[in-house]
Number of protein chains: 6
Amino acid sequence: MATDFRRKEQLPDLTDALVATYTDLNRINHLGHCPLPSTEAVIEIAQDLKEVIYPGYRRRQNLHIGNITYHVGDLIDGLHDKLTLQIARALRHDFQLTHAVGCQEELQQDFEGLGQKKALAFLECLPGIRRLLDCDAQAAYDGDPAAKSIDEIIFCYPGLEAITIHRIAHELYKLDVPLIPRVLAEWSHANTGIDIHPGADIGPYFFIDHGTGVVIGETCEIASYVKIYQGVTLGALSFAHDDEGRLVRDQKRHPTIEEHVVLYANATVLGGDTVVGAHSVIGASVSLTKSVPAHTQVTIEKPQLRFREAPQSA
Amino acid sequence: MATDFRRKEQLPDLTDALVATYTDLNRINHLGHCPLPSTEAVIEIAQDLKEVIYPGYRRRQNLHIGNITYHVGDLIDGLHDKLTLQIARALRHDFQLTHAVGCQEELQQDFEGLGQKKALAFLECLPGIRRLLDCDAQAAYDGDPAAKSIDEIIFCYPGLEAITIHRIAHELYKLDVPLIPRVLAEWSHANTGIDIHPGADIGPYFFIDHGTGVVIGETCEIASYVKIYQGVTLGALSFAHDDEGRLVRDQKRHPTIEEHVVLYANATVLGGDTVVGAHSVIGASVSLTKSVPAHTQVTIEKPQLRFREAPQSA
Amino acid sequence: MATDFRRKEQLPDLTDALVATYTDLNRINHLGHCPLPSTEAVIEIAQDLKEVIYPGYRRRQNLHIGNITYHVGDLIDGLHDKLTLQIARALRHDFQLTHAVGCQEELQQDFEGLGQKKALAFLECLPGIRRLLDCDAQAAYDGDPAAKSIDEIIFCYPGLEAITIHRIAHELYKLDVPLIPRVLAEWSHANTGIDIHPGADIGPYFFIDHGTGVVIGETCEIASYVKIYQGVTLGALSFAHDDEGRLVRDQKRHPTIEEHVVLYANATVLGGDTVVGAHSVIGASVSLTKSVPAHTQVTIEKPQLRFREAPQSA
Amino acid sequence: MATDFRRKEQLPDLTDALVATYTDLNRINHLGHCPLPSTEAVIEIAQDLKEVIYPGYRRRQNLHIGNITYHVGDLIDGLHDKLTLQIARALRHDFQLTHAVGCQEELQQDFEGLGQKKALAFLECLPGIRRLLDCDAQAAYDGDPAAKSIDEIIFCYPGLEAITIHRIAHELYKLDVPLIPRVLAEWSHANTGIDIHPGADIGPYFFIDHGTGVVIGETCEIASYVKIYQGVTLGALSFAHDDEGRLVRDQKRHPTIEEHVVLYANATVLGGDTVVGAHSVIGASVSLTKSVPAHTQVTIEKPQLRFREAPQSA
Amino acid sequence: MATDFRRKEQLPDLTDALVATYTDLNRINHLGHCPLPSTEAVIEIAQDLKEVIYPGYRRRQNLHIGNITYHVGDLIDGLHDKLTLQIARALRHDFQLTHAVGCQEELQQDFEGLGQKKALAFLECLPGIRRLLDCDAQAAYDGDPAAKSIDEIIFCYPGLEAITIHRIAHELYKLDVPLIPRVLAEWSHANTGIDIHPGADIGPYFFIDHGTGVVIGETCEIASYVKIYQGVTLGALSFAHDDEGRLVRDQKRHPTIEEHVVLYANATVLGGDTVVGAHSVIGASVSLTKSVPAHTQVTIEKPQLRFREAPQSA
Amino acid sequence: MATDFRRKEQLPDLTDALVATYTDLNRINHLGHCPLPSTEAVIEIAQDLKEVIYPGYRRRQNLHIGNITYHVGDLIDGLHDKLTLQIARALRHDFQLTHAVGCQEELQQDFEGLGQKKALAFLECLPGIRRLLDCDAQAAYDGDPAAKSIDEIIFCYPGLEAITIHRIAHELYKLDVPLIPRVLAEWSHANTGIDIHPGADIGPYFFIDHGTGVVIGETCEIASYVKIYQGVTLGALSFAHDDEGRLVRDQKRHPTIEEHVVLYANATVLGGDTVVGAHSVIGASVSLTKSVPAHTQVTIEKPQLRFREAPQSA
């Protein structure tokens, strides 16, 4: 009856069998004395950044003109240290992917020094990021009749949350920081249902409404005043392979959206050469794989609907 | 090598540049001595409410008829205080949006007293909310052959989670509580992928299956025994603008769904005048922008499929 | 002004009214001395399992060949105890659903002993689960040109997260563990937007890209090397009812996907008899309700698009 | 330079050497499947008890006549469960000290049932404990001119803290609960510097001022209105040994103090037969080893002091 | 066997009996809507103060001249708010002790405004407190040959810990803040075994070695360069009573110690009129109840020791 | 009324005044980029060590022969890393006390490598430490008639707690680890009221009963089977000064206690040349400053007591 402690005697064998797979299948475990970036630390960085970007909404209250510099200066100092450490780890990891671990070259790399430079370069972008997000918040207010105030948008709109994290991740991506931008993007994806690759280049006054299911690919270019609804995909048409059948990475595979374009729910635009011209309106569920000129309204020829009397016991 | 501490000397300049944007771009920071509602506190309220609505499933175990009153009474008392505080903050914030901050009129408002009244009025709705949710749980059990028991539905169905938070948020919405209903709705959206505006008016026996990507707009009216699948949108057709080109807010923009209607995956119904008559069945991916009478079955005229032999190296 | 404490005197009445509903509507509260499985404990188990499956990525750093056995052995021992407890609770709960609570038969059941057996049987599956996930990680790398390394995939791909939790939940499902597999699946659904029923039978080298909105039903069978994009549904066509109008549960209701099939975004395959033959490619937004032979490429006859000049003030 | 990871290879040997001592020196490790009471849980019980004994001072604020029953009832219910579990563990442990582990007799014991009975018997004592502590608080107020209010005494007097935990521990001691009373007493000793054995029998209106270094032995009897200063010892004179040279345990070894006695700082009273008669005053540093009649004032014949001029460089 | 749930039915009666004592014995519970200061909050304030007084030792590392202002400014701002709140609560509570609760006079008091004034006045003392503590740290280094560095003293000397908290508590005491100074003092007493009443007036270069059991009374005056060992008591000789037999509070009851005095272990000096003249040395265990002039060395006429052969079986 | 926010404008000035003292009084702040050991981390190390020394009593339950190696091995691995880091920090700090910060010599020091060596050397002592503590636990059981079992002693005797931490700190002291042994000793002092300097050399079977106020100096030597009661001081007689009037540090200043000695409460033995011979018994309150031969019983010639009738209103 109840737990039989003799049965626990098989646990060491079970453990050994599992540990054996760390040698056999060693691509999906990370042993060794070189720590990876920490997802937890990266998320903490993101939370700190949201606090300095939108002070007064979340963590610390009673901020005022007399104490805001202390609060923000303290956070920036901490961010410097945290970013330096995590970026250095990401750089070392990235280096090891293409070099022998512990090789002479690795020893000569100053990953932490480089990490610090990138951390500082990133922190310098914060005023610019705030400038863009101020535009995005305005675009959300102008684009959604249900919005009561800018504050409400900052408090709870997943679209603004997603573009906030994207603008952070994109600056790190431009600084060639490995891994971390993607960790940020997927954290945001999990929180909002909106999947924006950190590589996407997005202009000001960008608004995503509802957002669940939106996918924006790595090489997208999106100009200013673009508005997107839930389920929109800006994706790749097909993937190029090299002569040996391997995927060609780092190629423009995703579309270009010019300014003042609206993409309604579940619209799909695919392909690196596809350009949606300025002021165009792409209707719900439209699927585009080639360019349209400016000022085009594209709608789907609605599929015929069939109306019958519904069966009784629906 | 490694971190260069002299480089940190630029951090104060960096901080100043960022702090300067709190004056320039002051719509996206909240400085001043009037605290906003706290998202964290609102989520804690929601968790407490789930504990009194579904006692015995999550937080506290070993509840029984002899101690349940203590447990619930203690939570209700705490909810009174937490709700009063958060609602009062939301009311003050809302007042300030349309009045000069610190004006004579503001000083005369008794936000906390009003907050308490609304908190009490809300708490009185709890038995009614439980009554509706009991129906919703039954609808889920009747509607999903994979459901093994009502308990399983309460434990883990995102559809029930979403409608639970919605029924809470909707009561607060009806009590004219600003901001908080929306914070609740977006918290639920983040957890479930289901986006229901707190304004939507939804009858008993409502069931959403799978749910990811569902969008239900502010002015929807949904009668009893309605069933909805993932990706369904009940949205607005277009937004009215006033003479000065500004969005007209607070208008019926979203459809009406009568009782016993089923909406299959990715169906879309748009427009404030659109009514789906009782006992109708709207097929997957159907997009409706005008009303259908009761007992109508609407399916899409399936787009022709093209079948070819697949290329070798897919 | 401010809080009026006399108004709090109505809280006891409010509490009593709410507590009264625990008798009336007693299906949605769980009172009694038999604790249910704890969602929190189940999630902790899942986190421990991810740590032993992918050591070195998340929780504990500086793992190396000299200490990994200690770390994993310690976790396995704890997992044995946690799993035994939670499975025993789930078994007792399941038993009570079909028997009188406290009946003679219940007293004779050794739920904890049975829980331990199932816990041990599950832990024995871990090397096999790792073997499958190693394949899945490879499939993700091969299938996404944006992936820089296997490590990046383990760190942040929601598709791998979803299949990891699924492979855990599926083993528990096969061991007839009640409730817990579903709790795991819905936790993963909330985190990734990917909804895979624990019953689905999925082969190695499975890759879901982006993933939001994917739904995979209980009785799906998916062979090896299958690739799926966001919004794909593998669902039921309709539900059978028995003579008394009740849903027939436990029947093959969802499709079979053979090896090397690709399903593009928002493709839908429905029905328990539907088989997508090996090496087929199902295009975006295609909706299939009957089988296609191997090596078939199915695309939608694109709906006619209408291009007009967009109105001025879009 | 820095950490040499090869040196870590000796850690497994180090571990093995340490683990070997768990067999050799097995009195100071507790292996096996029978968990001991948890110090942490016992402290949590003590904190809960302080909350029901002195509601409104520490943990929960805004208690009022309308919610106090909920708050206390909820705590009492939890205390029942926690006490039952910890007492049952202590009883089983105590049983095993004198019996073969896993013996037939042990299997027949209903430790949890007995634990519950003792838990309930203890909870019934709470009103009486409060009655005594109300007297003790009064005695502290009457005895210390620095005390500003009863509230200050409850907030921060270590003497009241010590007697509070003692009165709890003493009731458990009288109920023959093993181990737990002593854990409570030593927790209080660590917090206050006051060491009262749970066996000591102490009447109402007891006041300890300052308290550091006070020691009160197991078999002390202290009547009402006794006042004690820091450093007072009520101890044993010498220990009896049996014929085999082992200590005789469970004998009156500590003194009796009658009502209205004052013991000034560092006074020492030793011996089980020593009685300090009512209304006596024992001066600072007095050391008594035999009885004094009622109404006696005992002071030390002050040792002669020598006064010299102090050396220059003190 | 095991827990008998029917026995739990007596818990409501138990609860009622306990709750009844909240009316009978209502001096030792605090019901009502006026929250007391929070011990937890006061301790948090103390921890924040230690961080600004000794930055770099405990909580935050990597402080440097470039970020210290941010860190400290942020803490000072938070301290202002926390102190204002807690002091206001203490003032209101103190007011209620001598007035009818809810009386007209109470409503007219601006406790929070007064609390803020006292909070600001206290914060202005911080540089002065640091100046004193710098002297105290030096005195410890000069007085203890075991001390390796000033840093070691700051890190772990209980004597410095005690005087640090005392200097904080004493400033609040001088500002007539009720209750909080005493809470601080007793927190320090619990941590260090050193009991200094917040009222004691202590000059710079004060050093307590070891410290356990030291007691320093409310009306002590201690000049500069005084050194004290464990167990020293600076106490009251006897308490004055007024005509009605009540203690006379607020009178000089404790001694005056002039500069450069050393008091060895367990020395006792009692009485408000007792003055130990400058540069005196009071030997271990000496008990003084009257004044000694400057430059006096007082030692105890050692009690005769008796040396015998120890019995065999010690 | 209430908080006046304009008054907060003086906070920046206040902050500046405080920050200015970090330059003036820079001995009691630690600015700079070289982090000190962390008290918190050192305490965590102590807790981990207690877990491997006394497994099964505190943190982890259900330890058994099958999992103990995993649990302990995991802790030892973590202890290696934590100790290496903290010792390296302590070494660097100690080096800087006597050298110019950032000097050439410092750059050439491998503090972390040296830290690791000391960490490993310490971990090798653990079996020996356990052997000593096993003796100490036995001595406590043999010496206290109130002790019911060895387990009770491990659970809650402050004397065993103090000697446990001392034996750890003493090994680190012998390895010339700076600062950390003292931090450990003072943490233990705070918890137990027993102040043992890490330098004291103490043999097996050591027992301290009650313990509050015990002081044992740096250069004490204590042989086996010594028993000590509360308030005992083994201290220095006076401090030697060098020609410039500075304290001479690192000299035998404290007594030697031979085996089988008992020191009763508040006994004091002072001086580096004082030796208490084996099997001696030193009575309560005896103060010794010179040696006594073996087998001596020393008691105080009791001061004459004066017995009078106590005054009425004591």
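Computed from a prediction, not measured in an experiment: that's the story for all the values here.

Visitor: What should I look at first to understand the overall build of chain A in this one?
Guide: A count of helical and extended segments in chain A gives nine helices and 15 strands. With the C-alpha coordinates of chain A rotated into their principal frame, the extents come out at 65 × 65 × 60 Å. Buried residues in chain A amount to 62% of all 314 residues. Here the contacts in chain A between residues at least 6 apart in sequence split such that 47% fall between residues at least 24 apart. Surface exposure of chain A reaches about 11700 Å², of which carbon and sulfur atoms provide 50%. Where the 28 positive side-chain charges of chain A centre and where its 42 negative ones centre are 4 Å apart.

Visitor: Explanation requested: the sheet that holds strand 14 (residues 296-300) of chain F in the structure shown.
Guide: Each strand in a sheet pairs with its neighbour through backbone hydrogen bonds, running either in the same direction (parallel) or in the opposite one (antiparallel). As summarised here, the arrangement of the six strands in space is 15(E)-14(F)-12(F)-9(F)-6(F)-3(F), forming an open sheet in which the pairing is mixed. The two strands at the open ends of the sheet, each matched to only one other strand, are strand 15 (305-309) of chain E together with strand 3 (207-209) of chain F. Here strand 3 of chain F runs beside strand 6 (residues 227-229) of chain F; their pairing, made up of three bridges, is parallel. Looking across to strand 6 of chain F, one finds that Phe207 of chain F is bridged to Lys227 of chain F.

Visitor: Looking at this structure, how should I read the relation of the copies chain D and chain C?
Guide: Aligned on chain C, chain D shows an RMSD of 0.0 Å; the corresponding rotation is 180 degrees and the shift along the axis is 0.1 Å. On the angle and the small slide along the axis, the relation comes out as a two-fold axis. Ranked by how close their C-alpha atoms come to the rotation axis, the residues of chain D are headed by Leu85 of chain D, at 8.3 Å. Same-surface contact between copies: 100% of interface residues of chain D are shared with the interface of chain C.

Visitor: Is there a simple way to explain the relation of the copies chain C and chain B in this structure?
Guide: The relation between the two chain copies is a rotation about an axis coupled with a shift along that axis. Structural alignment of chain C on chain B gives an RMSD of 0.0 Å, achieved by rotating through 120 degrees and translating 0.0 Å along the axis. The superposition operator between the copies reduces to a three-fold rotation axis. When the interface residues of chain C are mapped onto chain B, a mere 3% of them are again interface residues, pointing to distinct binding faces.

Visitor: Is there a simple way to explain the side chain of Thr233 of chain B in this structure?
Guide: Tracing the chain through its elements places Thr233 of chain B in strand 7 (residues 233-235). Under the relative-accessibility criterion, Thr233 of chain B is labelled buried at 6%. At 3.2 Å, the side chain of Thr233 of chain B forms a polar contact with the side chain of Gln230 of chain A. The residues contacting Thr233 of chain B, other than those within four sequence positions of it, are Gln230 of chain A together with Val215, Ala267, Thr268, Val269 and Leu270 of chain B.

Visitor: What is the right way to look at the sheet that holds strand 11 (residues 275-276) of chain D in this model?
Guide: Residues and elements named next belong to chain D. Across the sheet, which stays open at both edges, the four strands sit in the order 2-5-8-11 with parallel pairing between neighbours. Two strands lie at the open edges of the sheet, namely strand 2 (201-202) and strand 11, each paired on one side alone. Summarising the sheet, strand 5 (residues 221-222) and strand 8 (residues 256-257) pair through two bridges and their orientation is parallel. Among the inter-strand pairings, Ile222 is bridged to a residue of strand 8, identified as Ile257.

Visitor: In this structure, what is going on with the interface of chain C and chain B? I would like to understand it.
Guide: Bring the parts together and some accessible area is lost; that lost area is often taken as the interface size. Each partner contributes residues to the interface: chain C has 66 residues there, and chain B has 73 residues. Summed over both partners, the interface of chain C with chain B buries about 6300 Å², with 57% contributed by carbon and sulfur atoms. The interface formed by chain C and chain B holds five salt bridges in total. Here Glu152 of chain B makes a salt bridge to Arg182 of chain C, at a shortest N to O gap of 3.0 Å. Counting across the chain C and chain B interface gives 22 residue pairs in polar contact (both at pLDDT 80 or more). Of all elements in the fold, only helix 1 (11-24), helix 3 (68-98), helix 9 (180-192), strand 13 (287-288) and strand 14 (296-300) of chain C reach the threshold of two or more residues within the side of chain C that touches chain B. With nine residues, helix 1 of chain C is the single largest residue contributor to the side of chain C that touches chain B. Broken down by class, the residue content of the side of chain C that touches chain B amounts to 29 nonpolar, 24 polar and 13 charged. Bridge analysis of strand 15 (residues 305-309) of chain B against strand 14 of chain C gives five bridges, and the strand direction is antiparallel. By the bridge assignment for strand 14 of chain C, Phe307 of chain B is matched with Val298 of chain C.

Visitor: For this particular structure, what's the right way to read the domain arrangement of chain A?
Guide: All names here are of chain A. Domain parsing of chain A yields domain 1 (31-101 + 108-195) and domain 2 (200-240 + 250-302). Taking only C-alpha atoms into account, the centre of domain 1 sits 25 Å from that of domain 2. Interface area for domain 1 against domain 2, summed over the two sides, is near 1500 Å², with a carbon-plus-sulfur share of 57%. On the domain 1 side of the interface with domain 2, the three residues burying the most area are Cys135, Ile194 and Asp195, jointly 25% of the side's total. For the pair domain 1 and domain 2, the interface holds zero salt bridges. At the boundary of domain 1 with domain 2, the tally comes to 11 residue pairs in polar contact (both at pLDDT 80 or more). Broken down by secondary-structure element, the contributors of at least two residues to the side of domain 1 that touches domain 2 are helix 6 (126-143) and helix 8 (158-174).

Visitor: What is the right way to read a positive patch on the surface from this model?
Guide: The grouping of Lys290 of chain A, Arg306 and Arg308 of chain B together with Lys302 of chain C at the surface amounts to a positive patch. Along the polypeptide, Arg308 of chain B turns up in strand 15. Taking the relative accessible area as the measure of exposure, Arg308 of chain B reaches 44% and is therefore partly exposed.

Visitor: Hey, could you run me through the interface of chain D and chain C in this one?
Guide: With six residues of chain D at the contact, the number on the chain C side is six residues. If you sort the residues of chain D by the area they bury against chain C, Lys8, His64 and Tyr70 of chain D come out on top, with a joint share of 58%. Applying the counting rule to chain D against chain C returns zero salt bridges. Here chain D is connected to chain C by one residue pair in polar contact (both at pLDDT 80 or more). A per-class count over the side of chain D that touches chain C returns two nonpolar, three polar and one charged.

Visitor: Explanation requested: the packing of aromatic side chains in the structure shown.
Guide: Two numbers describe a pair of aromatic rings. These are the distance of the centres and the angle of the planes. All names here are of chain F. Taken as a whole and assessed by the stated rule, the structure comprises 24 aromatic pairs over all chains. Between Tyr57 and Phe155, the aromatic rings sit 5.9 Å apart at their centres with planes inclined by 85 degrees, giving edge-to-face as the arrangement. In this pair, Tyr57 is assigned in the loop between helix 2 (39-53) and helix 3 (68-98) and Phe155 in helix 7 (residues 150-156), connecting sequence segments 98 residues apart. The exposure class of Tyr57 is buried, given its relative accessible area of 1%.

Visitor: It is not clear to me how the pattern of salt bridges should be interpreted in this structure. Could you clarify?
Guide: Pairing is possible between side chains that carry opposite charge, provided their charged atoms lie close to one another. Tallied over the full model, the rule gives 90 salt bridges over all chains. Asp48 of chain A serves as the salt-bridge partner of Arg59 of chain A, at 2.8 Å between the closest nitrogen and oxygen. With Arg59 of chain A in the loop between helix 2 (39-53) and helix 3 (68-98) and Asp48 of chain A in helix 2, this pair connects stretches of sequence that are 11 residues apart. A relative accessible area of 4% means that Asp48 of chain A is categorised as buried. Salt-bridge contacts for Glu161 of chain B lead to Lys50 of chain B; the nearest nitrogen and oxygen are separated by 2.9 Å. Of this pair, Glu161 of chain B sits in helix 8 (residues 158-174) while Lys50 of chain B sits in helix 2 (residues 39-53); the two residues are 111 residues apart in sequence, bridging distant segments of the chain.

Visitor: What exactly am I supposed to notice about the environment of Ala310 of chain B here?
Guide: Structurally, the position occupied by Ala310 of chain B is in the segment after strand 15. When its relative accessible area of 4% is taken as the criterion, Ala310 of chain B is described as buried.

Visitor: What's the story with unusual backbone geometry in this structure? I'm lost.
Guide: Leaving glycine aside, a negative phi is the common case for residues, and trans is the common case for peptide bonds. Despite not being glycine, Tyr225 of chain C shows a phi value in the positive range, around 60 degrees. Within the element layout of this structure, Tyr225 of chain C appears in the loop between strand 5 (221-222) and strand 6 (227-228). According to the relative accessible area criterion, Tyr225 of chain C is partly exposed, its value standing at 38%. Of note in the backbone geometry, Tyr205 of chain D takes a positive phi value of approximately 55 degrees without being a glycine. Mapped onto the elements, Tyr205 of chain D comes out in the loop between strand 2 and strand 3 (207-208). The exposure class of Tyr205 of chain D is partly exposed, given its relative accessible area of 24%.

Visitor: Could you clarify how one ought to interpret helix 1 (residues 11-24) of chain F in this entry?
Guide: One turn of the α-helix equals 3.6 residues, which is why residues spaced by three or four share an orientation. All names here are of chain F. Helix length check: helix 1 (14 residues) gives 20 Å between terminal C-alpha atoms against 20 Å at 1.5 Å per residue, within 8%. Leu11, Leu14, Thr15, Leu18, Val19, Thr21 and Tyr22 are the residues of helix 1 that are buried. Across the axial projection of helix 1, the buried residues extend over an arc of 145 degrees, all falling on one side. Those residues of helix 1 that are exposed and aimed more than 90 degrees away from the buried face are Asp13, Thr23 and Asp24.

Visitor: Explanation requested: the side chain of Glu51 of chain F in the structure shown.
Guide: Residues and elements named next belong to chain F. Mapping Glu51 onto the fold places it in helix 2. Buried and unpaired, Glu51 has Arg59 as its nearest opposite-charge partner, separated by 4.4 Å. Setting aside residues no more than four positions away along its own chain, Glu51 makes contact with Arg58, Arg59, Arg60, Leu63, His71 and Leu75.

Conventions we followed
Residues numbered from 1 in each chain as written. Chains lettered and ligands numbered in written order. Predicted model: local features only at pLDDT ≥ 70, side-chain atom pairs only at ≥ 80, totals over all residues. Heavy atoms only, no water. Helix = DSSP H or I, 4+ residues; strand = E, 2+ residues; numbered from the N terminus. Buried < 20%, exposed > 50% of the residue type's maximum accessible area, 1.4 Å probe, protein only. Contact = heavy atoms within 4.5 Å. Areas by Shrake-Rupley, 256 points an atom, 1.4 Å probe, with all protein chains shown as cover. Lys, Arg positive; Asp, Glu negative; His and termini not counted. Charge placed at Lys NZ, Arg CZ, Asp CG, Glu CD. Pairing = 2+ DSSP bridges. Least-squares fit on C-alpha atoms with pLDDT ≥ 70 in both. Polar contact = N/O pair within 3.5 Å; in protein donor to acceptor, adjacent residues only side chain to side chain. Buried area = accessible area lost by both parts, 1.4 Å probe. Salt bridge = Lys/Arg side-chain N within 4 Å of Asp/Glu carboxyl O. Nonpolar A, V, L, I, M, F, W, Y, C, P; charged D, E, K, R; others polar. Domains from an automatic or database assignment. Patch = residues over 30% accessible without salt bridge, like charges linked within 9 Å, V, L, I, M, F, W, Y side chains within 5 Å. Phe/Tyr/Trp six-rings, centres within 6.5 Å; stacked < 30°, edge-to-face > 60°. Expected span 1.5 Å × (residues − 1). Arc of directions from axis to C-beta.

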